[in-house]
Amino acid sequence: MPARIDPPLAKAEPVSDGGPISLECLGNLLRITLNAEYFEDKYLSFAVVDQSGIAWELDEAMAARCGYTVTYSNWSSIEFRASAASCHSHLQAKAEEASIWQIVFHQPEEKKALLVSDAWSAGYGLNTTDTRVVLRIPHTAAQAQLVEDLGITFSMVRSSTFYKHRWMILMVDTTVACPVDGDDYMNKTITWTIPKYIPSLSAGATSFKDVLVEAGVGLHKLSAKEMASRKYVLSNDLNAITMKIPVGAEGGYYKTSVSNGQLGAKYTINLFLEHQWEDNKWGLTRHTIIKEIETPFEQIELAITNNSNLSTRLMNVTVGTFLPDVELVNLTIEGYMRDDMRAYTLNVTLAFITHPSRETFTVPVITVSAVRDAECLPSGTVIITAIKVVGVADLDTSLLVLRDRECKPSLVTEKTATFKFSVNTCGTIRKFNSTTLTYENEVLYFRHGNDTPVYRLKFVCSYAVNQAVNVRYKSKKNPLPHVKARFGSLALSLKLFKEKSYSQPYQKSEYPVVKYLREALYFEVELLQPKDARLDLNLDDCWATNSQSQDSLPQWPILINGCENNKDSYRTVIHEVNYSHRVEFPQHLKRFEVRMFTFMQGSTLLQEQVRCLCSVMSCWQSQQVNLEWCLQPMPCEPLGGQVLPGTIDHLLKA
């Protein structure tokens, strides 16, 4: 369905009624934003209406000649831009031979003259009023030359326009230079460099004076304070202007990309720069550049998590996460069971498409669960056999590990790996409820240099806390066991770290810490005292709040009974803790990763500092009595004698 739009260039404020179209004026540009989802599966075209009421359907050639642009600005919107001096603006009139006589292009080898009609046929745009001559040049123009300044390449066109005005013939010299390159990407930072006084724009000038340097994103100018809040850096040096943008910063967006069938992502940001200067040859010059910068393709390692529960006859596999521009379009399922080892195998191929590029990729998911080969012995010993997965062709069963990567298989064949270990070792997580004591662990396979497992087999052993059994025994006079009651204290800490390696915590002087949406937060809870290897530290609940009171509202659960909150779009990740130079007792530490989220109170977005609090349990590893005591959550007590349990004053929600 064609959409005919007559740009109302007189409006100066954003206009939107909550529908599929919104529009706003930004300096001398009109921007119309369309909701892409509304126009999905519909035919969409643009037409502009001239002063005579005639509609001209927009194509690429007209857009280049007349000052229009149509782009996808992010995952869910289509953007139309029109210059205030466009061909069909009521402020302009199409150039006629009676006003502009001809245009002469200056090239190194020759000067080439074109009449107005020939210039229009070649893709050039010419507009005039009583006070203005507008020349538009397509990027692919034959008269464009490549010139270099400070190592930056520009596409440059120099011309002279002969213009009839009343009884005079005037000549207007025009030079335009657009950067072809100049952007660099290194260490997760985009650097855009523009020479200040481009020779082709200031030929013959010997002295210069800056008048204005402004920059922004998406046609919006940003103040110095706004740039600092987004961690942008704008530098105005003697010979160049430089912008540095951290990848992932506000103003840009990630989009999914596919290369040779591999899934990846690119970060895109639409920057603009305006530089005005005066020189002793041409007076005031204004150079405005709008540039879309895209980072190189970076491959994404998809996480595939197997949460199957054969006791309920359910095979549950999670794939992802994906960006919003990815759509699942097809899945193929094949399953079978092998009688010789009772191994259930599920083969699923997921087919995806990206929008709007319509690139395709597939994700194979192969899940194998061997029922008979997992044993939980009454003595607290676990025997688990993992089977080689067909979908991971390079899997070496001898390199399979448990959560504690020091725990390796005791028996290895070409297709299987068997582990035998105690439930109190190898990174096993222990959980309690009123009737059951459960132990959880995973068999994992990591590729070299990657901390994301490509194979994951989760298993659980459950023991009844209260169970009556008949046993034969012979009494023996032994002294009755007794427990000495003593008062004591536990010293705990809750720290925020800068990286997944948990090697560098934030210092007190660095708070409050500012994080962007979906940026990872790495927390560590540690039992500082007593230093007793027989004690286990277990997380109970962790939650976020914007108040200094641990009972205040609103609250958002991060961990519930030691488990991730299943209502979260981005699940909390529990990280294993291994021995290291600073970790003497891994059982005294718990680590988890949370993605930064928007903190809401009702429909209101809270722009405040947010604190994370945790309650923990500390129990003897060998304790078999008084389990109810272990079930009581014990609040964290941070260092420094603060009152709030596990309080950190460092998170700002975006």
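Quick caveat: nothing in here was measured; it's all calculated off a predicted structure.

A separate point is the sheet that holds strand β38 (residues 455-464). Read across the open sheet, the 3 strands follow the order β36-β37-β38; overall the sheet is antiparallel. Of all strands in the sheet, those bounded by a partner on one side alone are β36 (429-432) and β38. The average undirected angle you get between the axes of adjacent strands in this sheet is 20 degrees. Pairing of β36 with strand β37 (residues 436-445) involves 4 bridges; the strand directions are antiparallel. By the bridge assignment, I429 is partnered in β37 with E440.

If you walk across this open sheet you meet the 4 strands as β39-β41-β46-β45, and the pairing is antiparallel. If you trace the sheet from one side to the other, it starts and ends with β39 (491-497) and β45 (573-575), each paired once. Strand after strand, the sheet turns through a mean of 25 degrees between neighbouring axes, direction not considered. Of the pairings in the sheet, the one linking β45 to strand β46 (residues 589-595) comprises 3 bridges and is antiparallel in character. Residue pairing for β46: V573 is matched across the bridge by E593.

Summed over all chains, the structure comprises 23 salt bridges. As a salt-bridge pair, K291 and D183 come within 3.7 Å of each other at their nearest N and O atoms. Note that K291 is positioned in strand β25 (residues 283-294) and D183 in strand β17 (residues 183-186), a separation of 108 residues in sequence. R571 is paired through a salt bridge with E564; the nearest N and O atoms lie 3.9 Å apart. For R571, a relative accessible area of 42% translates into the label partly exposed.

This next bit is on the confidence of the model for the protein. In the predicted model, the protein carries a mean pLDDT of 79, and the fraction of residues at 70 or more is 82%. Ignoring residues within four places in sequence, the model shows residues 337-342, a span with pLDDT below 50, making 10 contacts including any to other chains.

One ladder, built from 12 bridges, connects strand β15 (residues 152-165) with strand β16 (residues 168-179); its direction is antiparallel. Its bridge partner being in β16, M156 is matched across the sheet by A177. What sits between the antiparallel neighbours β15 and β16 is a turn of 2 residues, in which R166 has the positive phi angle 55 degrees.

Here is what the cut-offs are and how they apply
Residues numbered from 1 in each chain as written. Predicted model: local features only at pLDDT ≥ 70, side-chain atom pairs only at ≥ 80, totals over all residues. Heavy atoms only, no water. Pairing = 2+ DSSP bridges. Helix = DSSP H or I, 4+ residues; strand = E, 2+ residues; numbered from the N terminus. Axes fitted to C-alpha atoms, helices over the stretch in contact; angles between N-to-C directions. Salt bridge = Lys/Arg side-chain N within 4 Å of Asp/Glu carboxyl O. Buried < 20%, exposed > 50% of the residue type's maximum accessible area, 1.4 Å probe, protein only. pLDDT = per-residue confidence, 0-100. Contact = heavy atoms within 4.5 Å.

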